[in-house]
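Geometric and topological summary
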Amino acid sequence: DEGNVLDSQRVLYGEDAIAPNEPTKVGYAFDGWDTTYTNVTKNLVVKAVFKQNTFVVKFIDFDERIIASSVVGYNEAAIAPDAPTRNGYVFTGWSVDFQAVTEPLLVYAQYERAIKTVTLMNGFQQIAIKEFTYQSIVRESALAVYPEIEGYDFVGWYQDEELTEKFDFGKA
(Lines give C-alpha, C1' and ligand atoms only; values in the text may rest on other atoms or scores of the structure.)
Protein backbone atom coordinates (compact mmCIF):
# COMPACT_ATOMS: atom_id res chain seq x y z
CA ASP A 1 0.00 0.00 0.00
CA GLU A 2 2.78 2.46 0.83
CA GLY A 3 5.45 1.01 -1.44
CA ASN A 4 6.99 -1.26 1.19
CA VAL A 5 8.00 -4.68 -0.09
CA LEU A 6 6.45 -7.33 2.15
CA ASP A 7 7.81 -10.37 0.33
CA SER A 8 9.52 -11.36 -2.91
CA GLN A 9 9.25 -14.86 -4.38
CA ARG A 10 10.47 -16.82 -7.36
CA VAL A 11 7.59 -18.87 -8.73
CA LEU A 12 7.76 -21.49 -11.49
CA TYR A 13 5.68 -20.81 -14.59
CA GLY A 14 2.01 -21.78 -13.93
CA GLU A 15 2.54 -22.23 -10.18
CA ASP A 16 0.95 -20.22 -7.36
CA ALA A 17 2.70 -17.63 -5.20
CA ILE A 18 2.21 -17.83 -1.43
CA ALA A 19 0.73 -14.73 0.19
CA PRO A 20 2.70 -13.24 3.09
CA ASN A 21 1.02 -12.50 6.43
CA GLU A 22 -1.71 -9.90 6.11
CA PRO A 23 -0.21 -6.43 6.50
CA THR A 24 -1.59 -3.92 8.98
CA LYS A 25 -2.16 -0.19 8.72
CA VAL A 26 -3.36 2.01 11.57
CA GLY A 27 -6.95 3.11 11.02
CA TYR A 28 -7.53 0.71 8.14
CA ALA A 29 -8.60 -2.91 7.65
CA PHE A 30 -6.82 -5.22 5.23
CA ASP A 31 -9.21 -5.92 2.33
CA GLY A 32 -7.19 -8.37 0.27
CA TRP A 33 -4.77 -8.17 -2.66
CA ASP A 34 -5.29 -6.14 -5.83
CA THR A 35 -4.62 -9.02 -8.22
CA THR A 36 -4.60 -12.80 -8.23
CA TYR A 37 -1.29 -14.60 -7.70
CA THR A 38 -2.35 -18.08 -8.79
CA ASN A 39 -1.19 -19.70 -12.04
CA VAL A 40 1.59 -17.13 -12.43
CA THR A 41 2.71 -16.73 -16.06
CA LYS A 42 4.60 -13.40 -15.85
CA ASN A 43 6.29 -11.07 -13.37
CA LEU A 44 3.74 -9.61 -10.95
CA VAL A 45 3.53 -6.80 -8.43
CA VAL A 46 0.72 -7.58 -6.01
CA LYS A 47 -0.41 -4.74 -3.77
CA ALA A 48 -2.27 -4.83 -0.48
CA VAL A 49 -5.69 -3.18 -0.51
CA PHE A 50 -7.02 -1.47 2.63
CA LYS A 51 -10.34 0.09 3.48
CA GLN A 52 -10.60 2.92 5.94
CA ASN A 53 -12.15 2.14 9.32
CA THR A 54 -15.29 4.17 10.04
CA PHE A 55 -16.93 5.14 13.30
CA VAL A 56 -20.34 6.42 14.36
CA VAL A 57 -20.39 9.83 16.04
CA LYS A 58 -23.58 10.76 17.90
CA PHE A 59 -24.38 14.28 19.09
CA ILE A 60 -26.61 14.09 22.16
CA ASP A 61 -28.65 16.81 23.87
CA PHE A 62 -29.19 17.34 27.63
CA ASP A 63 -32.27 15.06 27.61
CA GLU A 64 -30.34 12.13 26.03
CA ARG A 65 -32.03 12.78 22.68
CA ILE A 66 -29.78 12.18 19.67
CA ILE A 67 -29.54 15.46 17.77
CA ALA A 68 -27.47 14.08 14.89
CA SER A 69 -25.50 10.99 13.97
CA SER A 70 -22.90 10.43 11.26
CA VAL A 71 -20.34 7.92 10.07
CA VAL A 72 -16.81 9.31 10.01
CA GLY A 73 -13.63 7.84 8.53
CA TYR A 74 -10.59 7.14 10.71
CA ASN A 75 -8.81 10.33 11.81
CA GLU A 76 -11.37 12.54 10.03
CA ALA A 77 -13.51 15.28 11.57
CA ALA A 78 -17.18 14.90 12.35
CA ILE A 79 -19.40 17.82 11.40
CA ALA A 80 -21.37 19.20 14.33
CA PRO A 81 -25.05 20.00 13.91
CA ASP A 82 -26.33 23.51 14.53
CA ALA A 83 -26.01 24.53 18.17
CA PRO A 84 -29.00 23.18 20.10
CA THR A 85 -31.22 25.39 22.21
CA ARG A 86 -32.58 24.87 25.71
CA ASN A 87 -34.98 27.20 27.44
CA GLY A 88 -33.21 29.20 30.14
CA TYR A 89 -29.73 27.96 29.20
CA VAL A 90 -26.89 29.02 26.95
CA PHE A 91 -25.15 26.42 24.77
CA THR A 92 -21.40 26.47 25.61
CA GLY A 93 -20.03 23.77 23.31
CA TRP A 94 -19.55 20.02 23.00
CA SER A 95 -18.18 17.60 25.60
CA VAL A 96 -15.31 16.11 23.56
CA ASP A 97 -13.17 16.97 20.56
CA PHE A 98 -14.36 15.37 17.31
CA GLN A 99 -11.79 16.76 14.86
CA ALA A 100 -9.77 13.53 14.48
CA VAL A 101 -12.09 10.59 15.21
CA THR A 102 -10.37 7.30 16.03
CA GLU A 103 -13.21 5.49 17.83
CA PRO A 104 -17.01 5.63 18.16
CA LEU A 105 -17.98 8.86 19.97
CA LEU A 106 -20.84 10.19 22.06
CA VAL A 107 -20.64 13.98 22.02
CA TYR A 108 -22.84 15.75 24.56
CA ALA A 109 -24.18 19.30 24.33
CA GLN A 110 -22.91 21.47 27.20
CA TYR A 111 -24.97 24.27 28.76
CA GLU A 112 -24.81 26.93 31.44
CA ARG A 113 -27.83 28.51 33.05
CA ALA A 114 -28.72 31.79 31.40
CA ILE A 115 -28.29 35.00 33.33
CA LYS A 116 -31.41 37.13 33.56
CA THR A 117 -31.55 40.76 34.60
CA VAL A 118 -33.95 42.10 37.22
CA THR A 119 -34.47 45.84 37.08
CA LEU A 120 -35.72 47.33 40.34
CA MET A 121 -37.97 50.29 39.71
CA ASN A 122 -39.64 52.82 41.94
CA GLY A 123 -42.43 53.94 39.68
CA PHE A 124 -40.60 55.00 36.54
CA GLN A 125 -37.27 55.49 38.27
CA GLN A 126 -34.67 52.73 38.00
CA ILE A 127 -33.16 52.00 41.41
CA ALA A 128 -30.89 49.04 40.66
CA ILE A 129 -30.14 46.25 38.23
CA LYS A 130 -29.41 42.75 39.55
CA GLU A 131 -28.49 39.60 37.66
CA PHE A 132 -29.66 36.10 38.60
CA THR A 133 -29.46 32.69 36.96
CA TYR A 134 -32.55 31.49 35.11
CA GLN A 135 -35.23 29.98 37.40
CA SER A 136 -33.29 30.73 40.55
CA ILE A 137 -35.10 31.57 43.75
CA VAL A 138 -34.69 35.29 44.32
CA ARG A 139 -35.22 36.35 47.91
CA GLU A 140 -35.97 39.97 48.68
CA SER A 141 -32.84 39.95 50.84
CA ALA A 142 -30.80 39.04 47.74
CA LEU A 143 -32.05 42.16 46.07
CA ALA A 144 -30.50 44.16 48.94
CA VAL A 145 -32.13 47.36 47.78
CA TYR A 146 -34.81 48.99 49.87
CA PRO A 147 -35.95 52.35 48.58
CA GLU A 148 -36.85 55.02 51.05
CA ILE A 149 -39.71 57.34 50.22
CA GLU A 150 -40.77 59.89 52.76
CA GLY A 151 -44.12 59.03 54.27
CA TYR A 152 -44.05 55.40 53.07
CA ASP A 153 -42.88 52.10 54.56
CA PHE A 154 -41.21 49.65 52.15
CA VAL A 155 -43.16 46.36 52.22
CA GLY A 156 -41.66 44.47 49.26
CA TRP A 157 -41.20 44.31 45.54
CA TYR A 158 -44.00 43.88 43.02
CA GLN A 159 -43.39 41.07 40.57
CA ASP A 160 -44.13 41.80 36.93
CA GLU A 161 -46.06 38.86 35.38
CA GLU A 162 -43.38 38.35 32.70
CA LEU A 163 -40.94 37.38 35.48
CA THR A 164 -43.18 34.61 36.82
CA GLU A 165 -41.71 32.03 34.45
CA LYS A 166 -38.13 33.23 34.92
CA PHE A 167 -37.84 33.54 38.69
CA ASP A 168 -39.39 32.36 41.91
CA PHE A 169 -39.52 35.41 44.16
CA GLY A 170 -39.57 34.03 47.69
CA LYS A 171 -39.96 35.99 50.89
CA ALA A 172 -36.86 36.48 53.03
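Here the structure is a predicted model, which means the values were calculated and not measured.

This part takes up the layout of surface pockets. In this structure, the largest pocket occupies an estimated 740 Å³ of space. Asp7, Ser8, Leu44, Val45 and Val46 are, among the 28 residues lining the largest pocket, the residues nearest its centre. In terms of residue class, the lining of the largest pocket is made up of 16 nonpolar, six polar and six charged.

What follows is about the pairing of strand S4 (residues 66-73). Examined bridge by bridge, strand S3 (residues 54-60) and S4 share seven bridges and lie antiparallel to one another. Along S4, the bridge assignment pairs isoleucine 60 with isoleucine 66. In sequence, S3 turns back onto S4 through a hairpin of five residues, with glutamate 64 there showing a positive phi of about 70°.

Now for the environment of isoleucine 79. Following the sequence through the fold, isoleucine 79 ends up in the loop between S4 and strand S5 (89-94). In sequence terms isoleucine 79 and phenylalanine 98 are 19 residues apart; their C-alpha atoms lie 8.1 Å from each other.

This part is about the pattern of salt bridges. Within the structure shown, the criterion is met by two salt bridges. The closest approach of N and O atoms between arginine 65 and aspartate 61, which form a salt bridge, is 3.0 Å. Its relative accessible area of 1% is what places aspartate 61 among the buried residues. Residues aspartate 63 and arginine 65 are paired through a salt bridge, measuring 3.8 Å at the closest nitrogen-oxygen approach. A relative accessible area of 41% means that aspartate 63 is categorised as partly exposed.

Rules used throughout
Residues numbered from 1 in each chain as written. Predicted model: local features only at pLDDT ≥ 70, side-chain atom pairs only at ≥ 80, totals over all residues. Heavy atoms only, no water. 1 Å grid on protein atoms, 1.4 Å probe; cavity = no way out; pocket = protein on both sides within 12 Å on 5 of 7 lines; lining within 4 Å. Points joined across faces, edges and corners; volume = space filled by probe spheres on them. Nonpolar A, V, L, I, M, F, W, Y, C, P; charged D, E, K, R; others polar. Pairing = 2+ DSSP bridges. Helix = DSSP H or I, 4+ residues; strand = E, 2+ residues; numbered from the N terminus. Salt bridge = Lys/Arg side-chain N within 4 Å of Asp/Glu carboxyl O. Buried < 20%, exposed > 50% of the residue type's maximum accessible area, 1.4 Å probe, protein only.

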